[in-house]
Structure formats: structure tokens, C-alpha cells
Amino acid sequence: MKKVIYLKNKPIGDGKITIQSMTNTPTCDAEKTLSQINALAEAGADFVRVSVPDLASADAVKEICLKSPLPVIGDIHFAYEPALRAIENGIAKIRINPSNMPEKGLKAVVRMCAEYKVPIRVGVNKGSVKKNVTPQELVSLTLDAAKKIEDLGWDRLVLAVKTSDPSETVKAYRLLYEKTDYPLHIGLTEAGTPKYGLLKSAISIGSLLIDGIGDTVRVSLTGDPIQEIYAAKDLLIACGIEKNFVDVISCPTCARTEIDVENLALRIQKLTSKIKKSLKIAVMGCVVNGIGEGKSADFGVAGGKKKSIIFAKGDILKTVPNEEIESALIGLIEEYADE
Ligand code: SF4
């Protein structure tokens, strides 16, 4: 039976895939960090991770945890004293990499986590271990570290085995999934810049999610962390896990196209991105094929020269001037969303 871990009152491992990102502001600047956390919460994050590299950051954690709308996870490498201070200051979870934490530090952190009931993510990244390990070895190192923490008296754990290679990452997580009941934090490490990082994440995280593996996701991308949340949400949609969204389908366009399909589809997508209902909208370039090919959609438009046809499930609703297509579709969508 899979374990469920709670960060404050928010679960990981209860069947809902949660999404998270990491701030890139200096944690010691609580105001700046909180402003980014608020933006991440607004974008749809479930959790946020902050680096805690020193005691000044660990001190700022107090105000951050008090004011954050999301449970805050502290990221610890090498120095363990900031972890102890962050736990005292209300952190909801600690992420440690046992490969870079001294034995004495590990014991102190685990004991304090047990005392304060703070879960630990054991994140052994391939880049941080001494030799070039195989996925099997990475999994063994992670399970050994988890066992060590259990032996020290604490078993509220989340495990992760990230590499920067999609194929190795998928192999490692599949193996780990077979060998543990702990929830898994899935993602790539150092995935890269938005375009290729997203592609690599889609391949690896997507493969795992489709297999039913993974409980919390971080799409790691270089740049603004808000983009990581949008990317994670898109991934959940693309994998068929998140169904309550407005799915805008559009034709590829051809010589028959009468309207600006691309811009209209993008506009509808943008204007409906916050609607949490399962709805399909078709933006089709012509009336010749548009209505028939768009008949699976709840609402759609088939473009004409000056006027276009608005339809619902393949039935014609009305004809509108081309300048009014967007408002006609948005009106129908909002009416449906309010029902
Ligand atoms: S729906 Fe019409 S415009 Fe769009 S690709 Fe098909 S035939 Fe061309």
C-alpha cells in the first residue's frame, strides 16, 4: 500500500498529482521570495521549494512560512545547520541529498524532522554522486539512504532519483517504483532551457505519469519559475490526467482558409486558460470541412469570407460577422462555464 505524506495538511501520494517549483530569489530576502511564492500560487502551484544555503536564509524562512499561501519546502545541501534552524522556523518539508550531507548532519536533521514531524525528500541526483552510476545504482543509493533515515527513527519520506537524461531517469523511476511504497517526486535535473528542457521533461515525466508513476512533479526549466508551473499543468493535461480545462482544437489551415485560425485559437486559449471545466472548442478555417471535422467540439467556428458559422456539436447555431467570432465564442464558453 502506497504511503501518503503530509506537508502541513496537504498530501503527497493520495492519488492527486501535485505540482511544484522553486524560487530563484535570495531566500534571505523574505519580501522578494514571498512575492514570487504568491505569483507561483496564483499560477497554480501546490508547493514551493526555497534554497536554504545559510542561517540568514533559515531565519527568513520564519516570515516566509508564516505568510506563504503554499507549504514551503527547504532545499539543503552540505551545510546542515540551516536545516535545523529552518525546521524550528516552520518549514513544511526538507529536501536533502544524502550524497552531500555529512553523517553527523544527517543524524541531526533526521532527529529534528522526527521531533517536529517534518517530512524529508531524499533526492539523490546522478550529478551529485561520486562516480557515473547506472539507474540501478542510483536507485540502490536512494533506497540505502531511505533505510538509514528509517533506522534513525523517521519514515515520512518522499523519494526522487533525477538525472538530466530522459531515458536514464525513466529507467531509474520505474525501478524505484517497483521497490518502494514512498511517494515519488518526479522530474529531470538540469533539464535545460525552456524549449529543450520542456521537450525532455515531456518525454520523461510524461512517460512516467502515463505509467501511473509519480506523485508530485517539478518541470525544471532555466528561467522564470512561473513557466515551470504552466509547463507542469500542460503536461498533466497532455497526459490526460487533468481533464477540467478548455481544449482548443484548430485545423492546420490550407488554401481554403478564410479566417486567421492561428491567432483566433491562441486568443481563445489565453482567454479561457483559467476555466476549470472540460470543454472542447474548434477553430476551423472554412465552412467546407470545418463543421464536420469539428463536430466533436462543444462549440466551434467555421470560417467564411465575411461571415462565419458558429456551431455546437456539429449543429449550426448562428452566423456572425468575422469581427465578432471571438466575442461570440467567448460568450458561449462563459455561459457554459457558469452553469
Ligand atoms: S478546416 Fe477547411 S481551412 Fe481548415 S484545413 Fe480543413 S479544409 Fe482547410
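Residues numbered from 1 in each chain as written. Predicted model: local features only at pLDDT ≥ 70, side-chain atom pairs only at ≥ 80, totals over all residues.

How would you sum up the overall build of the protein? Please name residues and give values.
From N to C terminus, the protein includes 11 helices and 15 strands. Once the C-alpha set of the protein is aligned to its principal axes, its extents read approximately 75 × 40 × 35 Å. Counting across all 339 residues of the protein, residues that qualify as buried make up 44%. Taking contacts inside the protein between residues at least 6 apart in sequence as the whole, the part at least 24 apart equals 61%. (Helix = DSSP H or I, 4+ residues; strand = E, 2+ residues; numbered from the N terminus. Buried ≥ 20, exposed ≤ 12 C-beta atoms within 10 Å, placed from the backbone. Contact = placed C-beta atoms within 7 Å.)

Lay out the environment of Ile87 in plain terms, naming residues and giving numbers.
Of note, Ile87 is situated in helix α3 (residues 81-88). For the pair Ile87 and Val109, spaced 22 residues apart in sequence, the C-alpha separation works out to 8.7 Å. Sequence-distant contacts of Ile87, defined by excluding residues within four places in its chain, comprise Ile94, Met112, Cys113, Tyr116 and Val118.

I'd like a rundown of the site of the ligand, residues and numbers included.
Taken together, 13 residues lie near the ligand, and Cys251, Cys254, Gly285, Cys286 and Asn289 sit nearest. Class assignment for the residues of the shell around the ligand results in 6 nonpolar, 5 polar and 2 charged. (Near = placed C-beta within 6 Å. Nonpolar A, V, L, I, M, F, W, Y, C, P; charged D, E, K, R; others polar.)

Which residues make up helix α7 (residues 194-210), and what are the values?
End to end, α7 covers 22 Å across 17 residues, agreeing with the expected 24 Å (1.5 Å per residue, within 8%). Tucked inside the fold, the buried residues of α7 contact α6 (166-179), β9 (185-186), β10 (216-217) and α8 (225-238). Gly212, located one to two residues past α7, shows a positive phi value of around 85°. (Expected span 1.5 Å × (residues − 1).)

Just give me the short version of the nonpolar core, but keep the residues and values in it.
Within the largest apolar cluster, 69 residues are counted, with the highest numbers of intra-cluster contacts made by Val72 and Ile94. In contact with Val72, other than residues within four places in its own chain, are Val48, Val50, Val61, Ile64, Cys65, Ile91 and Ala92. Among the nonpolar cores identified, the runner-up in size contains 24 residues, and Val283, Val287, Leu329 and Ile333 belong to it. (Core = buried A, V, L, I, M, F, W, Y, C linked by C-beta atoms within 7 Å.)

Let's hear about the domain arrangement of the protein: which residues, and what values?
Along its sequence, the protein is carved into domain 1 (5-238) and domain 2 (246-338). For domain 1 and domain 2, the distance between their C-alpha centroids amounts to 41 Å. (Domains from an automatic or database assignment.)

Let's hear about unusual backbone geometry: which residues, and what values?
Although it is not a glycine, Thr253 adopts a positive phi angle of roughly 75°. As for its placement among the helices and strands, Thr253 is situated in the loop between β11 (246-250) and α9 (261-271). The class for Thr253 is partly exposed, based on 15 C-beta atoms found within 10 Å. The phi angle at Lys313 is positive, at roughly 50°, despite the residue not being glycine.

A description of the pairing of β11 should follow, citing residues and the corresponding values.
Because side chains alternate across β11, one face comprises the buried residues Val246, Val248 and Ser250, and the other comprises Asp247 and Ile249, none of which is buried. The β-α-β motif built from β11, the intervening α9 and the parallel element strand β12 (residues 279-284) has left-handed crossover chirality. (Right-handed = clockwise from strand over helix to strand, strands pointing away.)

Please set out the packing of α3 against helix α4 (residues 103-116) residue by residue, giving values where relevant.
At a closest axis distance of 9 Å, the pairing of α3 and α4 adopts a crossing angle of 5°. What the angle tells us is that α3 and α4 run roughly parallel. Between α3 and α4, the contacting residues are Ala83, Leu84 and Ile87 on the first element and Ala108, Val109, Met112, Cys113 and Tyr116 on the second. Of the residues assigned to the contact of α3 with α4, the class counts are 8 nonpolar, no polar and no charged. (Axes fitted to C-alpha atoms, helices over the stretch in contact; angles between N-to-C directions. Parallel < 35°, antiparallel > 145°, perpendicular 65-115°, else oblique.)

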